[in-house]
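A closer look at the structure
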Amino acid sequence: MTVEGTVSGLEERVAGRAWMVRLDPADRGGAAVRVSCGRPACAPQVLPSAAVGRTTAVAHLATHLRAAPGPRPDAACACRAAECHTHVRDDGPRDRAPALRCGGPVVLAVINDRQGRWWQALECCARCAAAHPSAKIVATAPAASTARTAAGRAPAAGTRGAAGPPPAPVGPHFSHASSSPAPVPQVVPAPRPKPRRNRRTGKIAQRFVPYDLHPVALRDELIELGDLFRAYQQRPEPDLEQLADLHARKAKAFHTWAEVTGETELRLDARRAEQAAAAALLQHQQRTGQSPVGEGEVTNRLLPGLTQWEHARTVLAHVAEHTPLPGPEARLMAVMLTLRSALTGTGNLVGQDVKGLPLTDPEELIGRLVDSGWLSIPGTADDLLESRPESPTPITIPSLMPDDDGQGPFDFGRKTRPKLSGWAQRVVGDKKLRKKKTPAATRLLALALAVRTTTDGQLGPEGEGVDLEVLTSWCAVEPDELEPLVEQLTAADWLEEAAVTDGRLTGRLAERVLQVSCPLP
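Counting of residues starts from 1 at the beginning of each chain's written sequence and follows it residue by residue. Whole-chain, interface and lining totals are the exception, using all residues; otherwise, since this is a predicted model, local features are given only for residues with pLDDT of at least 70 and side-chain atom pairs are given and counted only at 80 or more. Neither water nor hydrogens contribute to the side-chain values; these are computed over all heavy atoms in the structure.

Structural notes on a negative patch on the surface
A patch consists of residues exposed above 30% relative accessible area that lack any salt bridge, with like charges linked at up to 9 Å and nonpolar side chains (Val, Leu, Ile, Met, Phe, Trp, Tyr) linked at up to 5 Å. The method behind every accessible area is Shrake-Rupley, applied with a 1.4 Å probe, and residues are considered shielded solely by the protein chains displayed. One side-chain nitrogen of Lys or Arg within 4 Å of one carboxyl oxygen of Asp or Glu is enough to make a salt bridge. All tallies of charge rest on Lys and Arg as positive and Asp and Glu as negative; His and the ends of each chain are not included. Taken as the charge centre is NZ of Lys, CZ of Arg, CG of Asp or CD of Glu, depending on the residue. Residues Asp-361, Glu-363, Asp-382, Asp-383 and Glu-386 make up a contiguous surface patch of negative charge. Per-element tally for the negative patch: the top contributor is helix H12 (residues 381–386), with three residues. What makes Glu-386 exposed here is its relative accessible area of 52%. Secondary structure elements are taken from DSSP: a helix is a run of H or I of four residues or more, a strand is a run of E of two residues or more, and numbering for both begins at the N terminus. Each residue is assigned to one of three classes by its accessible area relative to the maximum for its type, calculated with a 1.4 Å probe on protein chains only: buried under 20%, partly exposed between the two thresholds, exposed over 50%.

Describing the confidence of the model for the chain
For the chain, mean pLDDT is 81; residues scoring 70 or higher make up 80% of the total. Confidence scores labelled pLDDT are given residue by residue by the predictor and lie between 0 and 100. Per-element averaging of pLDDT across the chain places helix H4 (residues 144–159) at the bottom with 48 and helix H15 (residues 440–450) at the top with 94. This stretch, residues 1–11, has a pLDDT under 50; its non-local contacts, to residues over four places away or in other chains, come to 25 contacts. Low pLDDT (under 50) marks residues 154–188, which in the prediction has 26 contacts with non-local residues, meaning those over four places away or in another chain. Contacts are residue-level and defined by heavy atoms, with any inter-residue pair within 4.5 Å sufficient.

Digging into the side chain of Ser-421
Relative to the assigned elements, Ser-421 resides in helix H13 (residues 416–428). If we ignore the near neighbours within four places in the chain, the residues touching Ser-421 are Leu-339 and Arg-340.

So, the pairing of strand E13 (residues 346–349)
It is a general feature of regular strands that their side chains alternate between the two faces of the sheet. Only one face of E13 is covered, namely the face carrying Gly-347 and Leu-349; the face carrying Thr-346 and Asn-348 is uncovered. DSSP bridges decide pairing: two strands pair if at least two such bridges lie between them. Pairing analysis gives four bridges linking E13 to strand E14 (residues 393–396), with the strands arranged antiparallel. Counterpart to Asn-348 in the pairing with E14 is Pro-394.

A closer look at the sheet that holds strand E4 (residues 45–47)
In spatial order, the strands read E4-E3-E2-E7-E6-E8; together these six strands make up an open sheet with antiparallel pairing. Unpaired on one side and paired on the other, E4 and strand E8 (136–140) mark the two borders of the sheet. Neighbour-to-neighbour, the strand axes of this sheet turn through a mean angle of 20 degrees, independent of strand direction. Sheet contacts for helix H1 (residues 50–67): strand E2 (18–25), strand E3 (33–37), E4, strand E6 (106–112), strand E7 (118–125) and E8; angle to E2, the most-contacted strand, approximately 170 degrees. Only the contacting stretch of a helix is used when fitting its axis, a line to C-alpha atoms as for every element, and angles between N-to-C directions run 0 to 180 degrees.

Things to note about the pattern of salt bridges
One pass over the full model with this rule turns up 22 salt bridges. Between Arg-512 and Asp-430 there is a salt bridge, and its shortest N-O distance comes to 2.9 Å. With Arg-512 in the segment after strand E17 (504–509) and Asp-430 in the loop between H13 and helix H14 (431–435), this pair connects stretches of sequence that are 82 residues apart. Taking the shortest distance from any N to any O, the salt bridge between Glu-496 and Arg-508 comes out at 2.7 Å. Remark: Arg-508 occurs in strand E17 and Glu-496 occurs in strand E16 (residues 495–501); sequence separation between them is twelve residues. In this structure, a network of salt bridges that share partners links the residues Arg-207, Glu-263, Glu-265, Asp-269 and Arg-272.

A few points about the sheet that holds E16
Taken in spatial order, the three strands make up an open sheet running E15-E17-E16, and their pairing is antiparallel. The open sheet has two edge strands, strand E15 (466–467) and E16, and neither has a second partner. As defined by bridge partners, E15 adjoins E17 across two bridges and the pair is classed as antiparallel. From the neighbouring strand, Val-466 faces E17, where its bridge partner is Leu-505. In the packing of helix H17 (residues 482–491) onto the sheet, contacts are made with E16 and E17, and the angle to E16 comes to roughly 165 degrees.

Concerning the packing of aromatic side chains
The pairing test for Phe, Tyr and Trp rings, Trp by its six-membered ring, is centres within 6.5 Å, and the orientation test on the planes gives stacked under 30 degrees, edge-to-face over 60, and tilted for anything in between. Scanning all chains against the criterion turns up two aromatic pairs. When the ring of Phe-254 is compared with that of Trp-257, the centres are 5.5 Å apart and the planes differ by 75 degrees; the resulting orientation is edge-to-face. Taken together, the positions of Phe-254 and Trp-257, both in helix H6 (residues 240–261) and three residues apart, correspond to about one turn of that helix. Judged by its relative accessible area of 0%, Phe-254 is buried. Judged by its relative accessible area of 5%, Trp-257 is buried. Aromatic side chains Phe-410 and Phe-412 sit 5.5 Å apart centroid to centroid with 25 degrees between the ring planes, which places their arrangement in the stacked category. We call a charge positioned above a ring when the Lys NZ or Arg CZ atom is no farther than 6 Å from the ring centre and deviates by at most 35 degrees from the ring normal. Note that Lys-250 overlies the ring of Phe-229, its terminal NZ or CZ placed 5.8 Å from the centroid.

A look at unusual backbone geometry
In this structure, the amide linkage connecting His-214 to the following residue, Pro-215, adopts the cis form with an omega of 5 degrees. By the element assignment, Pro-215 lies in the loop between strand E10 (207–209) and helix H5 (216–233). With a phi close to 55 degrees, Asp-502 is a non-glycine residue in the positive phi region. Mapped onto the fold, Asp-502 is located in the loop between E16 and E17. Using a relative accessible area of 79% as the deciding quantity, one classes Asp-502 as exposed.

So, the pairing of E16
The pairing of E16 with E17 spans five bridges and is classified as antiparallel. Opposite Ala-499, over in E17, you have Thr-506 as the bridge partner. Hairpin connection from E16 to E17: two residues lie between these consecutive antiparallel strands, with Asp-502 at a positive phi of about 55 degrees.

What about the packing of helix H9 (residues 328–340) against helix H11 (residues 362–371)?
The interhelical angle for the contact between H9 and H11, taken along N-to-C directions, is 70 degrees, at an axis separation of 11 Å. Classified by the angle between their axes, H9 and H11 sit roughly perpendicular to one another. In this structure, H9 contributes Glu-329, Ala-330, Met-333 and Leu-337 to the contact, and H11 contributes Leu-365, Ile-366 and Leu-369. Side-chain classes are defined by residue name, with Ala, Val, Leu, Ile, Met, Phe, Trp, Tyr, Cys and Pro counting as nonpolar, Asp, Glu, Lys and Arg as charged, and the others, Gly among them, as polar. The residue makeup of the contact of H9 with H11, split by class, is six nonpolar, no polar and one charged. For classification, angles of less than 35 degrees are called roughly parallel, those exceeding 145 degrees roughly antiparallel, those between 65 and 115 degrees roughly perpendicular, and all remaining angles oblique.

A word on the nonpolar core
As used in this record, nonpolar core signifies buried Ala, Val, Leu, Ile, Met, Phe, Trp, Tyr and Cys residues forming a set joined through side-chain atoms within 4.5 Å. Ranked by internal contacts, the top residues of the largest apolar core, which has 72 residues, are Trp-423, Leu-449 and Trp-494. Per element, the largest residue contribution to this core is nine residues, and it comes from H15. Not counting chain neighbours up to four residues away, the residues in contact with Leu-449 comprise Leu-459, Val-466, Leu-471, Leu-489, Leu-495, Leu-505 and Leu-509. Core analysis: the second largest hydrophobic core is formed by 20 residues, Val-209, Leu-222, Trp-257 and Leu-266 among them.

Below you can see the structure in the form of structure tokens.
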């Protein structure tokens, strides 16, 4: 709304101009907004969203500011004409503070609310403008004495016959523009400059980084690492690879910091960071199925992750306790059939799956498993051996079927079962083991050793070897039969540096079979 005329009861001065641009909802519950201006010639506009409305309102106000003449030196404060709280105080026993007295040159200022709902341009003095926290000075009028002097000199110049062109009107200008038509008087209150901080500070590992630490690159690295560690703690899910990289950078930075300051505690922190980086990297490799096999090299495993490795050990332990028939051939057959029907107790089998196993008489073995009640098939063993992939034979293992509560002996998912079955088939059907025509006991030993290694292939927990009694029990052989089986695995390039000493089998898996290993936790 534009305010014009004089201020009654105050000074006989021309009242300052004021107008407002508002942003209001256009309809209840909708996103549309209405932009309206206090100038009579401006029609309201309806816009689809508040963001578009704010942009339009600011542009509309800027158009008025560019077109409007500059502030007048003799104008009274527009806010004073509206009787704002800075000029008029409520009478009361505790309100003894005098009203604000105007001062400074007249300025054209813009104020707005914090929510971005309205913007008001008004003529007021510099002191009133400074009283509004959101006020921005658009233009400043020349001092009244300067204007009166210029007005008094104009007739004198005219009497000498040197009438010049009329003075150019003072147009609005922005305080940040480099080509301002009129210099800003020194009496205008200037905003207080914010203190400049040229030296960064920060914190890492409960240590404050000194602001005068040199070199500057080290200080910046420590501050950045502190920020990255704090940001990592806010992650919803861990990223062990990123954590290992952060610890490695921290170790390097703390080593340099210790060299600069000579503090022993910093060197200890650097070593701890190196250990943390190595532990995080190893854990990441284990979770992703990788392990170090050389400098900068890793192995991608067929079964990635600690969970699937543990599931493989669980299946082998279950078969060891529930094999219906004695002997290594029956044990090997039970492993492969269990993995085919682990979750529901049912599965499909073709003749090639059985013929690919090192069995002396597969038909006779299948018949014995059916007679024991452990296995059920719709036809005969010969029908199973003749079945092809396009018409597989359905098999049922009653002991693996879920109970009334839907619980079975295994708790892994449907996607994990075929992975475990493929892993066992890969171990048992290894190309070199088949070429050497190794028996079922040797294939069982290969399975047992694949799930009892370290990440780099050393046999047993921490490379201490595997107990011979555990291996003979699993392979269903006598103790004196185990050493020839180890020799067969060594000849097939499955084992390296194998040795039977003090009741334990030591050595490591060959590099070519590391991908089928399931390291111990």
